[in-house]
Amino acid sequence: MQVPLIRLQCGVNSYDWGKVGKDSAAAKFAAATPADDFSIQDDKPYAELWMGTHPSNPSKDLTTKRTLLDLVQDNQALMSKEINEKFENKLPFLFKVLSIGKALSIQAHPNKKLAEQLHKRDSKNYPDDNHKPEMTIAITPFDGLCGFRPLAEISHFLSTIPVLKNLVGESEAEAYQSTIKGQETSQKMDDEEKNKKALQTAFSALMRSKKEEVEKASRELVETAEKEGPDFAGGGGPSNSGKELADLVIRLNKQFPGDIGLFVLFFLNYVKLEVGEAMFLKADDIHAYLSGDIIECMAASDNVVRAGFTPKFKDVDTLVSMLTYNYAPIEEQKMDPIDYPYVTLNRDAYSSGSTAKLYDPPIEEFSVVKIDLKKKGAKATFEQIAGPSIFICTTGNGRISVGPKVEEVKPGYVYFVGATAEVVLESEDEEFTTFKAFCELHGGEDAGEKEKL
């Protein structure tokens, strides 16, 4: 039987928001195992490297050129019986590298039920029927808009940015502020429901503003940001300074002049992630990535409901009706990785402070491990798991082995590893970083010990 270690050739998508040429990690990683017709063009944006079985950009076996989907359907032992049955013989996750040069659209991904409805109604704009919870891990400094801010911060901005209040509408803004007053952080179910309803009403009013009104208001907003600097937006809220917000408005206006997104940012958390920091977005959570390179893992879907910062199809009515309207400080969306328990480090790895950190979101389709080997000769041996894995190297050189099969690893190299295979990573540099995405429904040999978050 074939050793279940397969080097993959993965495609890169060129979207307008991607980083240009060799500045794009997605492009550089794609070029490490290029398709026959691929070479990096200096003036072209490269946005996403896709690793998985999704038909929009399927990965292929480098040697045979067969798609990964063909391989896992042809040899069902590669995924495990349980995963094949539950996910219909398809890899349950889509693994990506995103290189973000300018803002992605303000968007959310539908839950499973809504995805089925949207796909049935409009398969052109909603190409599959799956939900798309997703996790982001920064591999360079990243910033983005993610989830609704604490309610008191939104209220502060409605009071200190007159053009924002005008777009929302005087009566809608005041109704929002009077509803939430005194119960902004209440955990009573009735209060939370009233708060969410008030937030939905105010946000919907903003999103349905007339185009000409938004363009006029945005000119005034940018002028105010340029003039006031650190005093902008009443000096900012607890989460962001006035200068930070002013700079953000000016920067985003250069990318998307007169866009509704310039006002949406006052409703959403503005987050910065350092390398290795991560956050998890449930289906129906609103977000817009702004800059940086990230590892992203998600359920295997390409459904996006967009409403700003984009020339693509916008579906404002669906967006404002589908959102959860959960509101919280960004710290609550950041993830705390833990030590991955099913790996053994050799002496060189242990003594050099090498790590294997698990990012484990509260869903069953995927988890991700970040492996940092910090010395030549450092080794990490991964126990067998009852599911498939995909590895990508982002830094340094090393080797990956399954049984007798040993393959070289360089930045951008991607490998698929089948279920129940023990995997060994060994570093040939002082810094060797890889990411492993995997799905395991019932745990490995120690199934009773592992519980999903």
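Think of each chain on its own: its residues are numbered from 1, step by step along the sequence as written. A pLDDT threshold of at least 70 governs which residues receive local features in this predicted model, and a stricter bar of 80 or more applies before side-chain atom pairs are shown or counted, although totals over entire chains, interfaces and linings include all residues. Processing note: side-chain calculations cover all non-hydrogen atoms of the structure and skip hydrogens and water entirely.

Q: Which parts of the structure should I look at to understand the nonpolar core?
A: The tendency in soluble globular proteins is for nonpolar side chains to be buried as a group. Here, nonpolar core means buried Ala, Val, Leu, Ile, Met, Phe, Trp, Tyr and Cys residues that are tied together by side-chain atoms lying within 4.5 Å of each other. Burial status follows relative accessibility: with a 1.4 Å probe on protein chains alone, a residue under 20% of its type maximum counts as buried, one over 50% as exposed, and anything between as partly exposed. In this structure, Phe148, Leu164, Phe203, Phe263, Phe266 and Phe267 are the most contacted members of the largest nonpolar core, which totals 59 residues. Leu8, Val72, Met135 and Tyr359 belong to the second largest nonpolar core, which has 43 residues in total.

Q: When you look at the sheet that holds strand S22 (residues 405-409) in this model, what are you seeing that I'm missing?
A: Adjacent strands of a sheet pair through backbone hydrogen bonds, lying either parallel or antiparallel. Any two strands with at least two DSSP bridges between them are considered paired. Secondary structure elements are defined from DSSP: runs of H or I of at least 4 residues count as helices, runs of E of at least 2 residues count as strands, and each element is numbered from the N terminus. Strand order in this open sheet of five strands is S16-S19-S24-S21-S22, and the pairing throughout is antiparallel. With one partner strand each, in any of the chains shown, strand S16 (343-345) and S22 form the two edges of the open sheet. Taken over all neighbouring pairs, the strand axes of this sheet differ in orientation by 20° on average, direction set aside. Each axis is a line fitted through C-alpha atoms, and for a helix only the stretch in contact is used; angles between axes span 0 to 180 degrees, taken between their N-to-C directions.

Q: Where do I start with the side chain of Asn84 in this structure?
A: Position of Asn84 relative to the elements: it lies in helix H3 (residues 81-86). Pairs of residues are marked as contacts when any of their non-hydrogen atoms sit within 4.5 Å. Filtering out sequence-adjacent residues up to four positions away, Asn84 remains in contact with Gln76, Met79 and Asn89.

Q: I'm lost on the environment of Glu407 in this one. Help?
A: You can see Glu407 is positioned in strand S22. With relative accessibility at 25%, the residue Glu407 sits in the partly exposed group. Through-space distance from the C-alpha of Glu407 to that of Leu425 is 9.9 Å; in sequence the pair is 18 residues apart. Apart from residues lying up to four places away in sequence, Glu407 is in contact with Leu5, Gly398, Arg399, Ile400 and Tyr415.

Q: How do you make sense of the state of the cysteines when you look at a structure like this?
A: A covalent bond bridging the sulfur atoms of two cysteines is what the word disulfide describes. Note on terminology: disulfide denotes any pair of cysteine sulfur atoms within 2.5 Å. Inspection of the entire model under this criterion finds zero disulfides. Cysteine Cys146 shares no disulfide, and the gap to the nearest cysteine sulfur, in Cys297, comes to 17 Å. Note on Cys393: no disulfide assigned, nearest cysteine sulfur contributed by Cys10 at a separation of 13 Å. Judged by relative accessible area, Cys393 falls into the buried class, the value being 1%.

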